[in-house]
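# Structure at a glance
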Amino acid sequence: MADRFDCDNCKESLYGRKYIQSDDSPYCIPCYDSLFSNTCDECKELIGHDARELFYEDRHYHEHCFRCFRCDRSLADEPFTSQDDALLCNDCYCNEFSSKCVACDKIVMPGTRKLEYAGSTWHEGCFICHSCEQPIGSKSFIPDKDEHYCVPCYEDKFAPRCTRCKKTLAKGGVTYRDEPWHKECFVCASCKMQLAGQHFTSRDDTPYCLKCFGSLYAKKCEACSKPITGFGGGKYISFEERQWHQPCFTCSECSVSLVGAGFFPNGERILCRDCHGNL
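Residues numbered from 1 in each chain as written. Predicted model: local features only at pLDDT ≥ 70, side-chain atom pairs only at ≥ 80, totals over all residues. Heavy atoms only, no water.

## Focus on the confidence of the model for the protein
- Scored by pLDDT, the protein comes out at a mean of 86, with 97% of its residues at no less than 70.
- Least confident of the elements in the protein is helix 2 (residues 90–97), whose mean pLDDT is 79; most confident is strand 14 (residues 206–209), at 92. (pLDDT = per-residue confidence, 0-100. Helix = DSSP H or I, 4+ residues; strand = E, 2+ residues; numbered from the N terminus.)

## Observations regarding helix 1 (residues 29–36)
- All of the buried residues along helix 1 are Ile 29, Cys 31, Tyr 32 and Asp 33.
- In the core, the buried residues of helix 1 are packed alongside strand 1 (19–22) and strand 2 (25–28). (Buried < 20%, exposed > 50% of the residue type's maximum accessible area, 1.4 Å probe, protein only. Contact = heavy atoms within 4.5 Å.)

## What about unusual backbone geometry?
- The backbone of Ser 225 shows a phi angle near 65°, a positive value even though the residue is not glycine.
- With respect to the helices, strands and loops of the structure, Ser 225 is situated in the loop between strand 15 (219–220) and strand 16 (227–228).
- Take Ser 225: its relative accessible area is 52%, and that puts it in the exposed class.
- Notably, Glu 240 is not glycine yet its phi reads approximately 45°, a positive angle.
- Structurally, Glu 240 can be placed in the loop between strand 17 (236–239) and strand 18 (242–245).

## Digging into the state of the cysteines
- What the rule picks out here adds up to zero disulfides.
- No disulfide involves Cys 224; its nearest neighbouring cysteine sulfur is the one of Cys 221, lying 3.8 Å away.
- Taking the relative accessible area as the measure of exposure, Cys 224 reaches 30% and is therefore partly exposed. (Disulfide = S-S within 2.5 Å.)

## Focus on the side chain of Arg 59
- For Arg 59, the position within the fold is in strand 4 (residues 59–62).
- Overall, Arg 59 belongs to the buried group, its relative accessible area being 12%.
- Side chain to side chain, Arg 59 and Tyr 61 meet in a polar contact 3.4 Å long. (Polar contact = N/O pair within 3.5 Å; in protein donor to acceptor, adjacent residues only side chain to side chain.)

## Describing the pairing of strand 9 (residues 141–144)
- Pairing analysis gives four bridges linking strand 9 to strand 10 (residues 147–150), with the strands arranged antiparallel. Along strand 10, the bridge assignment pairs Pro 143 with His 148.
- Counted along the chain from strand 9 to the antiparallel partner strand 10, the turn is two residues long, and its residue Lys 145 has a positive phi close to 60°. (Pairing = 2+ DSSP bridges.)

## Brief notes about the pattern of salt bridges
- The tally for this structure, following the rule as stated, stands at twelve salt bridges.
- The salt bridge partner of Arg 52 is Asp 77, with a shortest N-O separation of 3.7 Å. Residue Arg 52 is found in the loop between helix 1 and strand 3 (53–56), and its partner Asp 77 is found in the loop between strand 4 and strand 5 (80–83); the two are separated by 25 residues along the sequence.
- Among the residues examined, Arg 52 registers a relative accessible area of 40% and is labelled partly exposed.
- The exposure class of Asp 77 is exposed, given its relative accessible area of 64%.
- Between Asp 91 and Arg 73 there is a salt bridge, and its shortest N-O distance comes to 3.2 Å. Remark: Arg 73 occurs in the loop between strand 4 and strand 5 and Asp 91 occurs in helix 2; sequence separation between them is 18 residues.
- Judged by relative accessible area, Asp 91 falls into the partly exposed class, the value being 42%.
- Judged by its relative accessible area of 35%, Arg 73 is partly exposed. (Salt bridge = Lys/Arg side-chain N within 4 Å of Asp/Glu carboxyl O.)

Structural data, given as structure tokens:
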């Protein structure tokens, strides 16, 4: 008597029938499908042993069920994207979720290089300088209303120019008489020392450091012969076309201070009341 050869599940004889061996046990086709086949996530039916099965993120599909949620195109051999558990072909995903380039009005495909600024999107090659029309890419740029400029073009077109060297001021600088200057260009007309952050004055709209101005234009103290500038709160005395620093305004004889006191001129000298009385 021949040995029995039965399905491990339903125990029906497998002689003369197709079967599938699994884990060293034979199964008839119906039992194998019911026990081991996956359920299609789309149609909820079993995916038979002889059907082409596709799977994505622990979900299984018949080949004919693996389709775009929007246009029903087969995704079996096409690139696709999942959005909220719905499968979408690239075309439908881009039309529904991808941004459009504000320059060329075409879709910015996923994975392509793009630039986003102020809520708008550009293809990398479409984001160009309004002036030179060269792609800006990852370089710095400056927006002006609805236009964008690379830094060199913006500075050439809009940035103020130094009154002295006529080159653009990218940032910083000094304003003098409503005119812009580079800090290194704003110097004393005499000694060429930089005046930015320093006390200075001017003559005929030309800037001078205090030292040069005093040396060139200020009146000299009758006593010490040093310039009288009046800068920094310095006070001075003036009498008959002659000037003195306040500390220098003293009696020529006894050196007492004459500031606020009566005095008497005596030729080139000035005398206090006592010294004048002793003459």
